[in-house]
Amino acid sequence: MADQVKVGILGVMGRMGQAVLASVQANEDAIFSAGCDRPRHPDIGKAITGTLVSLSATPEEVFVASDVVIDFTPPGDTASHARLAAQYKKALVVGTTGLSGGDESALMIAAGSTRIMQAGNYSQGVNLLMALVREAASKLGPEWDIDILEMHHRDKVDAPSGTALMLGDAAAEGRGASLDDLRTPAREGLTGERVEGSIGFAALRGGSVIGEHDVIFASGSERITLSHKAENRGLFADGAVRAALWLSAQPNGRYNMQHVLDLN
């Protein structure tokens, strides 16, 4: 199809990269244009399974060949990817979590020259959950404690998860504050009594859990739990591809999945 959006994938040989590739191939509005992985990957230069595209060693080649690039690589390279997106005026969808302040700054700068999408989670269900958390927090007073519990597979390197932080941001926004002002440090040892209105986090790591999140609102006499459980990685990949197609038609700027689903 002449109007298909050319989608490139950074980290295409990883678990999420492979899920995104399958989603792109299943979407008639998208076409896989290029993919890269770490320079020492044994398949560099070979055809990526199920495609006519050879695995590249450099992100720059992916940006040159694509309309939109999807990035689910581990933390560390987001800033350089943002600069490439700005240099080549290509849209960038970032699924990497655990971003540094430098990464965030690079994304903001790049958004002045191209289209940048960044979200801690591309699940449609999680993004709806964020809207529900924001609404609940706005209706329940500070006497309702808020804690966010998340669990992921043993290989996840950052905690709390990007999704947990997104949910914390939504809760804080519902209370008319920033998460930096309300967040409670990880609890260990003699922590003292809880500060009213604070938002706490707990992270579990183990096994092959794809992602589970519970937002708990607890008062002195009742408790509300809003939950989401991911059954397979395909849901994140499908959301990222939907975001990529949507982003390809937007003006320059910084976006998140809430924009895609019209939940802001």
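Everything here concerns the structure above.
So, a few notes on the structure that sits alongside this text. Everything quoted here is computed from the prediction, not taken from an experiment.

1. Quick notes on the overall build of the protein chain
Thinking step 1. Helices and strands together make up the secondary structure of the protein chain, namely 9 helices and 11 strands.
Thinking step 2. The C-alpha atoms of the protein chain give 19 Å as radius of gyration, which agrees with the globular expectation for 264 residues (18 Å, within 12%).
Thinking step 3. Of all 264 residues assigned to the protein chain, the portion counted as buried reaches 49%.
Thinking step 4. Restricting the contact set of the protein chain to residue pairs at least 6 apart, pairs at least 24 apart contribute 67%.
Thinking step 5. Separation of charge centres in the protein chain, based on 23 positive and 32 negative side chains, amounts to 4 Å.

2. So, the pairing of strand E10 (residues 223-229)
Thinking step 1. Pairing of strand E9 (residues 212-218) with E10 involves 7 bridges; the strand directions are antiparallel. Along E10, the bridge assignment pairs histidine 213 with histidine 228.

3. Some details on the packing of aromatic side chains
Thinking step 1. Applying the stated criterion across every chain yields a total of 2 aromatic pairs.
Thinking step 2. Ring geometry for phenylalanine 72 against tyrosine 122: centres 6.0 Å apart, planes inclined by 70°, an arrangement best described as edge-to-face. Here phenylalanine 72, found in the loop between strand E4 (68-71) and helix H3 (78-88), pairs with tyrosine 122, found in the loop between strand E6 (115-118) and helix H5 (124-139); they are 50 residues apart in sequence, far enough to count as distant.
Thinking step 3. According to the relative accessible area criterion, phenylalanine 72 is partly exposed, its value standing at 22%.

4. Topic: the layout of surface pockets
Thinking step 1. Estimated volume of the largest pocket: approximately 1000 Å³.
Thinking step 2. If you trace the largest pocket, you find 41 residues lining it, with Met16, Phe72, Thr73, Pro74 and Gly95 closest to the centre.
Thinking step 3. Those elements that provide at least two residues to the lining of the largest pocket are helix H1 (15-26) and helix H6 (162-174).
Thinking step 4. Ranked by the residues each element gives to the lining of the largest pocket, the list is headed by H1, at 3 residues.
Thinking step 5. Taken together, the residues that form the lining of the largest pocket break down as 15 nonpolar, 18 polar and 8 charged.

5. Some details on the nonpolar core
Thinking step 1. Val20, Phe32, Ile70, Val93, Met117 and Tyr122 are the most contacted members of the largest nonpolar core, which totals 35 residues.
Thinking step 2. Secondary-structure elements contributing two or more residues to this core are strand E1 (5-10), H1, strand E2 (30-36), E4, strand E5 (91-94), helix H8 (234-247) and helix H9 (257-260).
Thinking step 3. Considering every element that reaches this core, the biggest residue donor is H8, with 8 residues.
Thinking step 4. If sequence neighbours within four positions are ignored, isoleucine 70 has contacts with Val7, Gly8, Ile9, Leu10, Val20, Val93, Ala240, Val241 and Ala244.

6. Considering the packing of H5 against H6
Thinking step 1. Packing of H5 against H6 leaves a shortest axis separation of 7 Å and a crossing angle of 30°. The pairing of H5 with H6 is recorded here as roughly parallel in orientation. Here H5 and H6 pass one another in a crossing that is right-handed. On H6, the residues touching Val126, Asn127, Leu129, Met130, Val133, Arg134, Ala137 and Ser138 of H5 are Thr163, Met166, Leu167, Ala170, Ala171, Glu173 and Gly174.
Thinking step 2. Here the contact of H5 with H6 is built from residues that sort into 9 nonpolar, 4 polar and 2 charged.

7. Here's the deal with the pairing of E5
Thinking step 1. Taking every second residue as pointing to the same face, both faces of E5 are buried, with Ala91 and Val93 on one and Leu92 and Val94 on the other.
Thinking step 2. Inspection of the sheet shows E4 paired to E5 by 4 bridges, in the parallel sense. If you follow valine 69 over to E5, its bridge partner there is leucine 92.
Thinking step 3. Assessed by its sense of winding, the connection that carries the chain from E4 through H3 to E5 is right-handed.
Thinking step 4. In the sheet, E5 pairs with E6 via 3 bridges, with the strands oriented parallel. Residue pairing for E6: valine 94 is matched across the bridge by glutamine 118.
Thinking step 5. A crossover links E5 with its parallel partner E6, the connecting element being helix H4 (residues 101-110), and its sense is right-handed.

Thresholds applied
Along each chain, numbering runs from 1 in the same order as the chain's sequence is written. Predicted model: local features are reported for residues with pLDDT of at least 70 only, side-chain atom pairs are reported and counted for 80 or more only, and whole-chain, interface and lining totals are derived from all residues. Values shown for side chains rest on all heavy atoms present in the structure; no hydrogens or waters enter the calculation. Helix numbers and strand numbers start at the N terminus; a helix is a DSSP run of H or I with at least 4 residues, a strand a run of E with at least 2. Note that the radius of gyration is over C-alpha atoms, with the globule rule given as 2.2 Å times the number of residues to the power 0.38. Three labels apply to residues, based on accessible area from a 1.4 Å probe with only protein chains included: buried if under 20% of the type maximum, exposed if over 50%, partly exposed otherwise in between. When checking whether two residues touch, look at their non-hydrogen atoms; a contact exists if any pair is within 4.5 Å. When charges are counted, Lys and Arg are positive and Asp and Glu negative, with His and the chain ends excluded. Lys charges are placed at NZ, Arg charges at CZ, Asp charges at CG and Glu charges at CD. Only strands that DSSP links by at least two bridges are regarded as paired with each other. Within 6.5 Å between ring centres, the rings of Phe, Tyr and Trp (the latter by its six-membered ring) count as paired, and their orientation is classed by plane angle as stacked under 30 degrees, edge-to-face over 60, tilted in between. The definitions used throughout rest on a 1 Å grid laid over the protein atoms alone, on which a cavity is an enclosed set of points accommodating a 1.4 Å probe that cannot get out and a pocket is an open set flanked by protein within 12 Å on both sides along at least five of seven lines; lining residues are those having an atom within 4 Å of a point. Grid points are joined across faces, edges and corners, and a volume is the space filled by probe spheres set on the points. Polar here means any residue other than Ala, Val, Leu, Ile, Met, Phe, Trp, Tyr, Cys and Pro, which are nonpolar, and Asp, Glu, Lys and Arg, which are charged; Gly is therefore polar. Here, nonpolar core means buried Ala, Val, Leu, Ile, Met, Phe, Trp, Tyr and Cys residues that are tied together by side-chain atoms lying within 4.5 Å of each other. Note on geometry: axes are lines fitted to C-alpha atoms, helical ones only across the stretch in contact, with angles between N-to-C directions running from 0 to 180 degrees. These descriptions rest on fixed angle ranges, namely under 35 degrees for roughly parallel, over 145 for roughly antiparallel, 65 to 115 for roughly perpendicular, and the rest for oblique. Crossings are sorted by hand: turned counterclockwise from the far helix by less than a right angle, the near helix makes the crossing left-handed, and turned clockwise it makes it right-handed. Handedness of a crossover is defined as follows: orient the strands so they point away from the viewer, and if the path from the first strand over the helix to the second runs clockwise, the crossover is right-handed.

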